[in-house]
Amino acid sequence: MVSVMGLAMREQLKLLKPLISNASIESQRKGQDLAGELGLRAAGSKIEVVEEPFENFKAAFVTPNEMPDSRRVLLYLHGGAYVAGGLEYSLGFGSILALNTGIKTLCVGYRLAPEHVFPAAIDDALAAYERLLESYDAQNISLVGESAGGGLLLALMYRLKDENKPLPRSAVALSPWTDLTLSGESYTANEEIDPTLSKESLRFDARLYAADELKDPYVSPLFGLPTGFPKTLIYVGECEMLLDDSRRMAELLLRAGCDCELHIAEGMWHVYVLFGMPESREALERISEFLKDE
């Protein structure tokens, strides 16, 4: 059953949906930066943030003051439909991840479309992962991402496999965007009840990012073969248009013989885990357990 807070927030988001759907890319970026700033401010003095220099993008490590296992590290890839979000936004949820798991987290502000189209984002994700490999064993690295970042981490694992590089220990994808062709039935079935996403906006952003390459597994991981992928945890909302992106990706992973755990949250929406409700806290507890599991 959906909590009272969840119901109230869903109704508020429905009222804001026209503004969100029609927002310019510049407005989307400003809004996500603000959200990230609030998340980072909430973490306060419980973490340390240190920038990690890269040639083409910004990144930073978030280290929790209480870090029981210094051998482990997370690579976090943010959402924003490949057109919004950056390091400022990434640090918001990255700090929550670090605090909840007690694991040092590398937050990546990968390059965005339309200024930097595919394969810029996956190139940057690969560069960040390779940097971690300089100091950590692959079996001590886990990937976390939401929305576009959730799809990007799955695409990254295809590329790692294709380039014969070690895959990470595990992966957590929150409402991952795995099908930029928008072919899932939920894009139509949930279009009216989804309180945040717009099919028109998603189609526009997908074309900005990858134009005619939308079926490339490095863009839409649903069209690849994920044999050999590590254990993966997926969270998605029952009411979101991207529901089938998660459901079909989980089925693909299981058919490929991979270990995949899928949670479909009743009455919830896109990346609801980031919204600070009882349902969000419950999901974060399981995510933390999953990432810390030996």
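Preceding this section is the structure that the text describes.
Criteria and thresholds
Residues numbered from 1 in each chain as written. Predicted model: local features only at pLDDT ≥ 70, side-chain atom pairs only at ≥ 80, totals over all residues. Heavy atoms only, no water. Helix = DSSP H or I, 4+ residues; strand = E, 2+ residues; numbered from the N terminus. Contact = heavy atoms within 4.5 Å. Areas by Shrake-Rupley, 256 points an atom, 1.4 Å probe, with all protein chains shown as cover. Pairing = 2+ DSSP bridges. Right-handed = clockwise from strand over helix to strand, strands pointing away. Expected span 1.5 Å × (residues − 1). Core = buried A, V, L, I, M, F, W, Y, C linked by side-chain atoms within 4.5 Å. Buried < 20%, exposed > 50% of the residue type's maximum accessible area, 1.4 Å probe, protein only. Bend = angle between axes of the 7 residues up to and from the residue. Disulfide = S-S within 2.5 Å. Phe/Tyr/Trp six-rings, centres within 6.5 Å; stacked < 30°, edge-to-face > 60°. 1 Å grid on protein atoms, 1.4 Å probe; cavity = no way out; pocket = protein on both sides within 12 Å on 5 of 7 lines; lining within 4 Å. Points joined across faces, edges and corners; volume = space filled by probe spheres on them. Nonpolar A, V, L, I, M, F, W, Y, C, P; charged D, E, K, R; others polar.

Trainee: Account for the overall build of the protein chain, naming residues and giving values.
Mentor: Secondary structure summary: the protein chain contains 9 helices and 8 strands in total. Taking as baseline every contact in the protein chain between residues at least 6 positions apart, the subset at least 24 positions apart corresponds to 79%. Looking at the protein chain as shown, the accessible area adds up to about 12,400 Å², and 52% of this sits on carbon and sulfur atoms.

Trainee: Can you explain the pairing of strand β8 (residues 260-265)? Please cite residues and give values.
Mentor: Sheet topology places strand β7 (residues 231-237) next to β8; 6 bridges connect them, and they run parallel. Bridge pairing in β8 places T232 opposite C260. Read from β7 through helix α8 (residues 243-255) to β8, the crossover connection turns out right-handed.

Trainee: If you had to explain helix α9 (residues 278-292) to someone new, which residues and values would you point to?
Mentor: Turn by turn, an α-helix covers 3.6 residues, leaving residues three or four places apart pointing in a common direction. For α9, built from 15 residues, the straight-helix expectation of 21 Å at 1.5 Å per residue is met to within 8% by its first-to-last C-alpha distance of 21 Å. In this fold, the buried residues of α9 make contact with α1 (4-21), β3 (73-77), α3 (87-101), β5 (141-146), β6 (170-174) and β7.

Trainee: Can you break down the nonpolar core residue by residue, with the values?
Mentor: In terms of nonpolar packing, the biggest core is built from 64 residues, with L75, Y82, Y110, L143, W177 and Y209 touching the most fellow members. With 9 residues, helix α5 (residues 148-162) is the single largest residue contributor to this core. If sequence neighbours within four positions are ignored, L75 has contacts with L106, V108, A125, A128, Y129, L132, S142, L143, V144 and L156. Core analysis: the next-biggest nonpolar cluster, separate from the first, contains 32 residues, A98, V172, Y272 and V273 among them.

Trainee: A description of unusual backbone geometry should follow, citing residues and the corresponding values.
Mentor: Note that the residue after A113, namely P114, is joined by a cis bond; omega there is 5°. With respect to the secondary-structure elements, P114 resides in the loop between β4 (104-109) and α4 (120-133). Residue F118 is joined to P119 through a cis peptide bond whose omega torsion reads 15°. By the secondary structure assignment, P119 is in the loop between β4 and α4. The phi dihedral of S175 is positive, around 45°, even though this residue is not glycine. Structurally, S175 is set in the loop between β6 and α6 (186-189). Of note, the phi angle at V271 is positive, near 45°, even though the residue is not glycine.

Trainee: Give a detailed account of α1, specifying residues and quantitative values.
Mentor: An ideal rise of 1.5 Å per residue puts 26 Å on 18 residues; α1 measures up with 25 Å between its terminal C-alpha atoms. The sharpest bend along α1 comes to roughly 45°, located at L15, with the proline P18 sitting one to four residues further on. For α1, every residue scored as buried is listed here: G6, M9, R10, L13, K17 and S21. Elements in contact with the buried residues of α1: α7 (199-210) and α9.

Trainee: Which residues make up the environment of P217, and what values do they have?
Mentor: By the element assignment, P217 lies in the loop between α7 and β7. What makes P217 partly exposed here is its relative accessible area of 24%. Apart from residues no more than four positions distant in its own chain, P217 is found in contact with A155, Y158, F223 and G224.

Trainee: I'd like a description of the state of the cysteines, backed by residues and values.
Mentor: According to the stated counting rule, one finds 0 disulfides in the structure shown. Lacking any disulfide linkage, C258 is separated from the closest cysteine sulfur, that of C260, by 8.3 Å. Judged by its relative accessible area of 7%, C258 is buried. Given a relative accessible area of 13%, C260 falls into the buried group.

Trainee: I'd like to hear about the packing of aromatic side chains, residue by residue, with values.
Mentor: Scanning the entire structure with this criterion turns up 8 aromatic pairs. Arranged with centres 6.0 Å apart and planes meeting at 75°, the rings of F118 and Y209 form a pair that is edge-to-face. Of this pair, F118 sits in the loop between β4 and α4 while Y209 is found in helix α7, placing the two residues 91 residues apart along the sequence. Assessed through its relative accessible area of 2%, Y209 is described here as buried.

Trainee: So what's going on with the layout of surface pockets? Residues and values would help.
Mentor: Of the pockets and cavities examined, the largest pocket occupies roughly 1,400 Å³. Contributing to the lining of the largest pocket are 47 residues, with Q32, A35, Y89, V271 and F275 lying nearest its centre. Going through the elements one at a time, α1, α2 (25-43), α3, α7 and α9 are the ones with two or more residues in the lining of the largest pocket. For the lining of the largest pocket, the leading source of residues is α2, giving 11 residues. Its boundaries defined by the atoms lining it, the second largest pocket holds a volume of some 280 Å³. As for the second largest pocket, its lining consists of 15 residues, and the residues nearest its centre are G85, G86, G109, Y110 and L112. Taken together, the residues that form the lining of the second largest pocket break down as 4 nonpolar, 5 polar and 6 charged.

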